[in-house]
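# An overview of the molecular structure
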Amino acid sequence: MQKRIALLYDFDYTLAHGFMQQFGLMQDLGYNNVEDYFKECEVLSVDKEMDMCLSMLCGIVEMAKKQGKVVTKEYLKSFGKDIVYYNGVLEWFDKINQIGAMYGFEIEHYIISSGVKEIVEGSSIAKYFKRVYANFFAYKNGEAFWPSQVVNYTSKTQYIFRVRKNVLDDLASLDKINAKMPEDEVLPFKNIIYLGDSQTDIPSFKVVKNSGGLAICVYEPNNDDAKKVAQKCFVEGRCNYFAEADYSEGSDLFSVLSDYIQTICKNQSK
């Protein structure tokens, strides 16, 4: 029996109070409005039918060129330090880890995001994640020149199975991730929790929920439109639960997750 539980998080509007590019990167590239920033990413794409993640990565490089800036790993990481998080996020990981530890369980945290991996790696909460799966660049002589990995709304599901099988690296290899493994070596879906916020998380919600795990759609506090999206995901059966993105102890979200984790721990400790 595996005494581990995996929490998988989207990042933008799930943990962060906005898009990660809003906290310094887009301003450094000459934009103050996030809609204008992403629209320019589209315009700079060679092909308007480009995947949205490729369009975003292309936009970063092209906008930086216009500003006379060089996109390096450290340049991108520098914009992670000022990200604003929802209430309770900074304390969340230690508190949840403590709940697991009470029962001898390890709580693993993973990011599965269509944002920029390098920015997440520069954030104050990066230390809590076992792996960060997100879009990132390949570098030549220290400068970004091509997308190395793309994580869009459907390819996010790949990483759920990587976590299940504990095949966390070798992203270009199909052998390990597709290999048949003994069932007792694979993390049960009931030990997997997925948190996201929007339609881009629906494929992941469905994989986790329909396989016996817990899928929760969170929404930005005081945002009726975001709440309607989350509520719709729940009503349509895409997720198990929806809740305001408040990670502080005593919140609805904290209570639901801590109760679920304790139930798993107690049942599997018998």
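Use the structure listed above.
Residues numbered from 1 in each chain as written. Predicted model: local features only at pLDDT ≥ 70, side-chain atom pairs only at ≥ 80, totals over all residues. Heavy atoms only, no water.

Turning next to the overall build of the chain. Along its length, the chain carries 11 helices and 7 strands. The C-alpha atoms of the chain give 19 Å as radius of gyration, which agrees with the globular expectation for 270 residues (18 Å, within 12%). The principal-axis extent of the C-alpha atoms belonging to the chain is close to 60 × 45 × 35 Å. Within the chain, buried positions represent 52% of all 270 residues. Contacts in the chain between residues far apart in sequence, at least 24 positions, make up 63% of those at least 6 positions apart. (Helix = DSSP H or I, 4+ residues; strand = E, 2+ residues; numbered from the N terminus. Rg over C-alpha atoms; globule rule 2.2 N^0.38 Å. Buried < 20%, exposed > 50% of the residue type's maximum accessible area, 1.4 Å probe, protein only. Contact = heavy atoms within 4.5 Å.)

So, about the pattern of salt bridges. For the structure shown, the criterion picks out 13 salt bridges. Across the pair Glu-236 and Lys-232 runs a salt bridge, and its minimum N-O distance is 3.9 Å. Given the relative accessible area of 45%, Lys-232 is considered partly exposed. With its nearest N and O atoms 3.5 Å apart, the salt bridge here joins Glu-236 to Arg-238. Residues joined in a network through salt bridges with shared partners are Arg-4, Glu-108 and Lys-130. (Salt bridge = Lys/Arg side-chain N within 4 Å of Asp/Glu carboxyl O.)

This brings us to the layout of surface pockets. The probe, sized like a water molecule, is rolled over the atoms to show the empty space still left. By volume, the largest pocket amounts to about 580 Å³. Taken together, 21 residues line the largest pocket, and the ones lying closest to its centre are Phe-19, Phe-38, Met-52, Ser-114 and Thr-200. Taken together, the elements giving at least two residues each to the lining of the largest pocket come down to helix H2 (34-44), helix H3 (52-66) and strand S2 (106-116). Approximately 200 Å³ is the volume attributed to the second largest pocket. (1 Å grid on protein atoms, 1.4 Å probe; cavity = no way out; pocket = protein on both sides within 12 Å on 5 of 7 lines; lining within 4 Å. Points joined across faces, edges and corners; volume = space filled by probe spheres on them.)

Moving on: helix H5 (residues 89-102). Here H5 contains 14 residues, and its C-alpha end-to-end distance of 21 Å stays within 8% of the 20 Å for a straight helix at 1.5 Å per residue. Among the residues of H5, those classed as buried are Val-89, Trp-92, Phe-93, Ile-96, Ile-99 and Gly-100. All buried residues of H5 fall inside an arc of 130 degrees around its axis, so they share one side. The outward face of H5, more than 90 degrees from its buried face, is lined by the exposed residues Gln-98, Ala-101 and Met-102. Among the structural elements, strand S1 (4-9), S2 and helix H11 (252-268) are those in contact with the buried residues of H5. A positive phi of about 80 degrees marks Gly-104, the residue just after H5. (Expected span 1.5 Å × (residues − 1). Arc of directions from axis to C-beta.)

With 62 residues, the main nonpolar core has Phe-11, Leu-15 and Tyr-247 as its most contacted residues. In terms of residue count, H11 provides more of this core than any other element does, 7 residues in total. Beyond its immediate sequence surroundings of up to four residues, Phe-11 is in contact with Ala-16, Met-20, Ile-83, Tyr-85, Ile-111, Ser-113, Val-120 and Ile-125. Ile-112, Tyr-133, Val-208 and Ala-230 belong to the second-largest nonpolar core, a separate cluster that totals 25 residues. (Core = buried A, V, L, I, M, F, W, Y, C linked by side-chain atoms within 4.5 Å.)

Further remarks concern the pairing of S1. Of all 6 residues in S1, 6 are buried, a share of seventy percent or more. By the alternation rule, side chains of S1 split into Arg-4, Ala-6 and Leu-8 and Ile-5, Leu-7 and Tyr-9, which are all buried. Of the pairings in the sheet, the one linking S1 to S2 comprises 6 bridges and is parallel in character. When the sheet's bridge partners are listed, Leu-7 is paired in S2 with His-109. (Pairing = 2+ DSSP bridges.)

Note that all results are geometric; they support no functional claim without further evidence.
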